[in-house]
Amino acid sequence: MGSYLPLFLLFVLAAAFALFSALLGPLVGPRRYNRAKLEAYECGIEPSPQPIVGGGRVPVAYYLTAMLFILFDIEMVFLYPFAVSADALGFFGLVEIVLFISTLGFAYAYVWRRGGLDWN
Amino acid sequence: MSALVTAISLAQDPPAKETLAPIDYGAIMPMLIILGAACLGVLFEALLPRHQRWSAQVALTLLALVGAGVTMAFYIADAPADGTLTLAGAIAVDRPALFLWGTLLALALGAVLMIADRTVEPGGAFVAQAAIRPGTVQDREQRLGAHPDRRDGARFQMQTEVFPLTLFALGGMMVFCSANDLLTMFIALEVLSLPLYLMCGLARRRRLLSQEAAVKYFLLGAFASAFFLYGLALLYGYAGSVRLADIANAAAGSDRSDTLLFGGMALLIVGLLFKGSVGPFHAWTPDVYQGAPTPLTGFMAACTKVAAFGGILRVLSVGLESTQWEWRGIMWGVAIVSMIIGAVLGLTQTDIKRMIAYSSIAHAGFLLIGAIVLTPDGLSSTLFYLLAYGFTTVATFGVISLVRDADGEATHLSQWAGLAKRSPLVAGVFTFLLLALAGIPLTSGFIGKFVVFSAALSDGMAPLVVIALIASAVAAFFYLRVIVLMYFSEPAPDGPTVTVPGAFTTASITLGVVVTLLLGIVPAFALDWADAGTFALR
Amino acid sequence: MTRAELLADDPLWLILIKVVVVLLIGPLLTVFMIVWERKAIGRLQQRPGPNRVGPGGYFQSIADAIKLPFKEQIIPATADRKVYFLAPMIAVTPALLAFSVMPIGPQVSIFGEQTVLQLVDLPVGVLVVLACASVGVYGIVLAGWSSGSPYPLLGGLRSAAQVISYEIAMGLSIVGVVLYAQSLSTGDIVEAQQNGWFFYLLPFSFVIYLISMVGETNRAPFDLPEAESELVGGFHTEYSSMKFALFFLAEYTNMIVVSAFATTLFLGGWMAPWPISLIGDNYFNSGWWPILWFFGKMFVLLFCFIWLRATLPRFRYDQFMKIGWKVLVPLNLVWIVLIAGLRAIRGESDVTTGQILTYGGIVILVIIGLSFAFDRGRVIEDDDQVPITGGGYPVPPLDLEIPKAPKRKAVRGRNRRRPAAVGAGTDAEKESNDGDL
């Protein structure tokens with residue numbers, strides 16, 4: 001655990017730095033508020049889909065991307081331990097990883113063909 | 001993240017060459033065939049044009065089921081009598097597992113035939129595009145056929161993804177029955193559940209009801225999975241291993257705190273009982289059975305129950321056998337509650353699918369009696385009961401899907417009045433199936449109940465058997481009520497019609513009825529199979 | 001002693017010095033990068049760039065940095081104030097943290113204490129960098145969400161989708177390096193490159209890494225989350241004063257981190273480039289010299305960022321996602337299988353390189369052919385599908401032609417026979433619906 005101590009120190013310092021900077025603005029900056037300044041940025045007509053904070057919804061394509069990301073991220077995460085010990089595992093490891101990748105490849109082909117990767 | 005870090009830091013200093021235990025491919029081949037075919041099915045979905053998909057998928061699915069059955073038959077011929085452990089001890093292929101696999105494959109064959117049928121409901125019971133919102137123009141078009149000039153097969157589409165999904169669920173069930181450690185069991189539980197949640201929401205008719213069922217099933221199922229996982233974690237904390245045999249050893253001879261053991265056991269069993277729809281963990285059952293597409297309800301009711309009780313049997317007799325005096329009393333209670341809920345609430349139902357759902361809860365209670373008798377007799381009788389119940393259920397839902405009116409299936413009991421006058425054959429078949437569910441002699445249901453109750457009696461559970469007999473009698477009443485309704489009532493003028501099914505559904509119902517009859521008349525061969533061996537206790 | 005042992009030996013004062021230095025690298029280089037970028041782009045566009053403050057205008061960003069805290073900070077009334085406050089901090093902290101695992105140099109002596117120029121050499125160093133990049137996304141997406149305003153929300157979502165998509169390509173391209181180095185520690189990876197830098201041993205991984213590092217940092221030509229013409233300022237539209245500066249800092253620090261990471265993974269880290277490395281008995285690879293090589297390589301990569309921004313127009317969002325998901329990810333997986341296969345074959349038996357190249361070439365050609373066969377556009381399958389909008393209501397097909405109107409008296413000066421393409425509205429519609437799929 002000792003080897004993580006510098007990392008922890010750095011984290012504390014970086015977070016303190018960020019906190020300090022974030023607090024600096026309101027401390028030394030001027031405050032001359034009026035109602036127009038506090039409105040959300042808009043141009044033209046008020047848009048009808050509201051942001052989520054106001055009860056709006058998010059396009060479904062983003063959920064799809066997020067789910068695909070999780071799938072492939074997990075694939076990636078499994079590839080790292082394989083890569084580290086690939087030489088020790090030899091051919092067996094290769095066969096297993098090819099099987100693993102191609103199993104995901106089936107799903108990938110499906111998503112591709114059904115337009116899950118298309119944006120328009 | 002931290003798990004990953006550990007995994008990688010473990011991989012830091014690998015030995016020169018890993019030595020890996022050989023895998024017994026012959027033993028797990030049926031499983032591999034089913035899961036491989038499911039992957040191939042996904043690829044079919046991706047690559048084939050839409051009009052070829054249905055035929056390709058049906059052919060692939062049936063081939064996979066038959067292929068898995070044949071390889072299993074070859075394997076059984078020279079399988080070791082006390083089973084074999086493979087995949088580093090994660091999978092136990094023993095006699096009960098093989099019996100359950102065979103049951104699952106045969107039941108899935110019946111269910112897949114029903115799922116594939118496109119004659120009863122034009123285009124099949126599954127919707128073409130589930131993402132379309134119910135009630136919109138597009139929804140009406142896909143339900144009623146958008147292009148009247150095209151022939152029926154092309155006019156009505158269905159979501160052919162249901163075939164690979166069914167195979168995935170089936171593969172998960174097979175792994176579930178033979179999982180020798182709790183972690184494998186959990187993965188299998190998820191693999192079998194997720195496709196089912198999804199398919200529940202794909203009914204062509206009554207889409208909102210179907211989607212509601214899917215969401216309910218998903219939410220409650222997720223809870224149950226969480227229970228299972230939490231129980232797993234506690235048991236791991238207790239025994240330091242997720243292997244069932246290790247947990248049994250730890251429980252048999254240790255002075256460790258029992259809190260973890262009992263807490264883990266309770267949560268684990270709750271998760272399993274949920275899947276088996278045993279009361280009081282049955283809340284999802286009626287709604288889901290009612291909302292899901294009927295062929296899928298058949299698949300779910302039969303195969304999920306087989307898988308779940310396969311898992312319960314293995315966990316109870318391999319993992320928790322040494323602590324049976326602690327949990328037995330509670331399981332008595334659960335079985336009684338389940339039988340009473342099923343029998344009493346079944347009486348009040350007016351929808352035939354919900355009625356069968358409550359019947360399945362009552363049956364789950366009977367099955368649980370067999371499952372807590374930890375003798376070889378208890379095991380074999382429960383296995384036999386599962387086989388018998390599964391076939392009867394598949395055929396029952398097959399028949400239910402035939403009675404239709406303009407809005408789809410006519411599931412309200414009042415609509416079934418006088419059905420015998422419209423279609424004596426269907427009424428006769430349904431009567432036979434209901435009698436089997438009630439447990440009348442000459443049907444498989446009678447033999448099933450008989451062997452389970454006698455095994456329980458010989459293990460000293462006479463009070464439980466008495467309660468079970470009373471519950472069967474109460475349950476028989478609501479089966480008989482339907483029979484009376486069909487035969488001794490005047491049909492309503494605007495009542496439903498009985499669809500003449502195509503080859504697939506006919507084959508499926510015939511299979512179910514014939515097996516129900518055979519197991520009722522000559523049960524010996526199946527009883528012998530079920531009695532061939534016990535779980536591999538390693 | 002190994003690097004890790006040397007580092008474990010560090011006394012606390014040395015650790016503190018290193019921590020402060022590593023912490024300052026990000027902000028200082030950011031200040032420099034901003035002015036450098038502005039001047040370099042100015043020169044590339046034939047204008048001087050900032051030239052007022054300090055010698056040659058090089059103090060411009062210091063002046064800006066001093067100015068920013070004294071600007072008024074405005075939090076929109078619709079914002080979720082707590083998250084709004086936290087978001088820039090979440091963005092900037094991991095960015096600053098990532099530099100900790102970069103090996104900047106070999107063994108040196110600082111005030112008589114033997115150590116290496118690196119804060120920590122973890123066995124999972126590569127994952128630390130990736131984890132920091134992932135956590136940084138939270139800052140962006142939370143900033144967009146908490147602003148309570150549509151433009152930042154869309155910008156934040158886009159940015160999140162983009163960063164996670166390219167993170168996969170990036171992570172997969174690193175797998176090749178890990179495979180060759182057989183370690184996830186950054187120090188080990190640099191030392192594994194003594195016999196050859198990975199950028200030419202793994203050219204494909206290197207190219208993919210370069211592309212995805214630009215996508216990962218939201219920089220031009222992939223700066224879609226901040227596409228001014230569509231989204232005003234993207235996720236930080238509603239941010240002002242120091243909080244805005246923190247996002248800026250995070251973006252530039254991320255650029256610096258991915259460049260340093262590329263240097264470590266592919267360009268030999270702190271090792272001297274080829275002709276120089278031959279001079280003396282490894283003289284230029286020892287002592288304090290490697291700092292020069294490390295930062296030199298890093299600045300070359302950073303200049304590439306500037307160069308790209310000055311040269312290339314912005315991608316369209318769908319093209320951008322297509323490159324990420326349909327090109328980089330599959331090719332990367334094929335490449336990984338290929339090099340893993342090569343290593344396995346080499347390890348098992350005595351196959352010649354020539355044979356491997358021949359058969360490998362055939363396999364690659366087949367795969368490329370297959371990949372072309374894959375993307376033959378959408379097939380017939382959808383031709384009887386009713387097009388729907390997001391609301392589930394039918395829309396007229398794009399190629400709809402309105403039937404000719406019955407003949408009437410010709411209206412002077414107007415051509416009535418032009419088909420009224422319903423699709424005429426699509427361009428404008430696409431513009432406004434962009435990202436609002």
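The rules behind these values
- Residues numbered from 1 in each chain as written.
- Chains lettered and ligands numbered in written order.
- Predicted model: local features only at pLDDT ≥ 70, side-chain atom pairs only at ≥ 80, totals over all residues.
- Helix = DSSP H or I, 4+ residues; strand = E, 2+ residues; numbered from the N terminus.
- Buried ≥ 20, exposed ≤ 12 C-beta atoms within 10 Å, placed from the backbone.
- Contact = placed C-beta atoms within 7 Å.
- Nonpolar A, V, L, I, M, F, W, Y, C, P; charged D, E, K, R; others polar.
- Axes fitted to C-alpha atoms, helices over the stretch in contact; angles between N-to-C directions.
- Parallel < 35°, antiparallel > 145°, perpendicular 65-115°, else oblique.
- Left-handed = near helix turned anticlockwise from the far one by under 90°.
- UniProt positions renumbered as here; feature names shortened; annotations may be inferred.
- Expected span 1.5 Å × (residues − 1).

Next up on the list: the overall build of chain C. Secondary structure assignment for chain C yields 16 helices and two strands. Within chain C, buried positions represent 46% of all 437 residues. Summarising the internal contacts of chain C: among those between residues at least 6 apart in sequence, 76% fall at separations of at least 24.

This brings us to the interface of chain C and chain A. Listed as interface residues are 75 residues of chain C and, on the opposing side, 59 residues of chain A. Broken down by secondary-structure element, the contributors of at least two residues to the side of chain C that touches chain A are helix 1 (3-8), helix 2 (12-44), helix 4 (81-97), helix 6 (150-181), helix 11 (241-266) and helix 14 (317-348) of chain C. Examining the composition of the side of chain C that touches chain A, we find that 15 residues originate from one element, helix 14 of chain C, more than from any other. A per-class count over the side of chain C that touches chain A returns 49 nonpolar, 14 polar and twelve charged.

A few words on the packing of helix 3 (residues 50-77) of chain B against helix 4 (residues 95-116) of chain B. Residues and elements named next belong to chain B. Where helix 3 contacts helix 4, the two axes come as close as 10 Å, and the packing angle between them is 160 degrees. The angle between helix 3 and helix 4 places the two elements in the roughly antiparallel class. In this structure, helix 3 meets helix 4 at a crossing whose hand is left-handed. Contacts between helix 3 and helix 4 involve Val58, Thr61, Leu62, Leu65, Ala68, Gly69, Met72 and Ile76 from the former and Leu98, Trp101, Gly102, Leu105, Ala108, Leu109, Val112 and Ala116 from the latter. For the contact of helix 3 with helix 4, the per-class residue count stands at 13 nonpolar, three polar and no charged.

Quick look at unusual backbone geometry now. Residues and elements named next belong to chain B. Geometrically, the link from Gly279 to Pro280 is a cis peptide bond, its omega value of 0 degrees lying close to zero. Locating Pro280 in the fold gives a position in the loop between helix 11 (258-275) and helix 12 (285-291). One non-glycine residue with positive phi stands out, namely Ala88, at about 55 degrees. Within the element layout of this structure, Ala88 appears in the loop between strand 1 (84-86) and strand 2 (91-93).

Once that is clear, we can look at the UniProt feature "transmembrane region" (unreviewed entry) in chain A. Residues and elements named next belong to chain A. The residues that UniProt annotates with the feature "transmembrane region" (unreviewed entry) are residues 6-28, 60-83 and 89-111. With 100% helix and 0% strand, residues 6-28 has end C-alpha atoms that lie 32 Å from one another. For residues 60-83, the end-to-end C-alpha separation is 35 Å, with 100% helix and 0% strand making up the annotated structure.

It is worth spelling out helix 13 (residues 289-311) of chain C at this point. Counting along an α-helix, one turn takes 3.6 residues, and residues three or four places apart therefore face a common direction. Residue and element names in this part refer to chain C. Look at helix 13: 33 Å from first C-alpha to last across 23 residues, which is about the 33 Å you get at 1.5 Å a residue. Buried within helix 13 we find Pro290, Trp293, Phe294, Lys297, Met298, Leu301, Leu302, Phe305 and Ile306. Tucked inside the fold, the buried residues of helix 13 contact helix 2, strand 1 (105-110) and helix 11.

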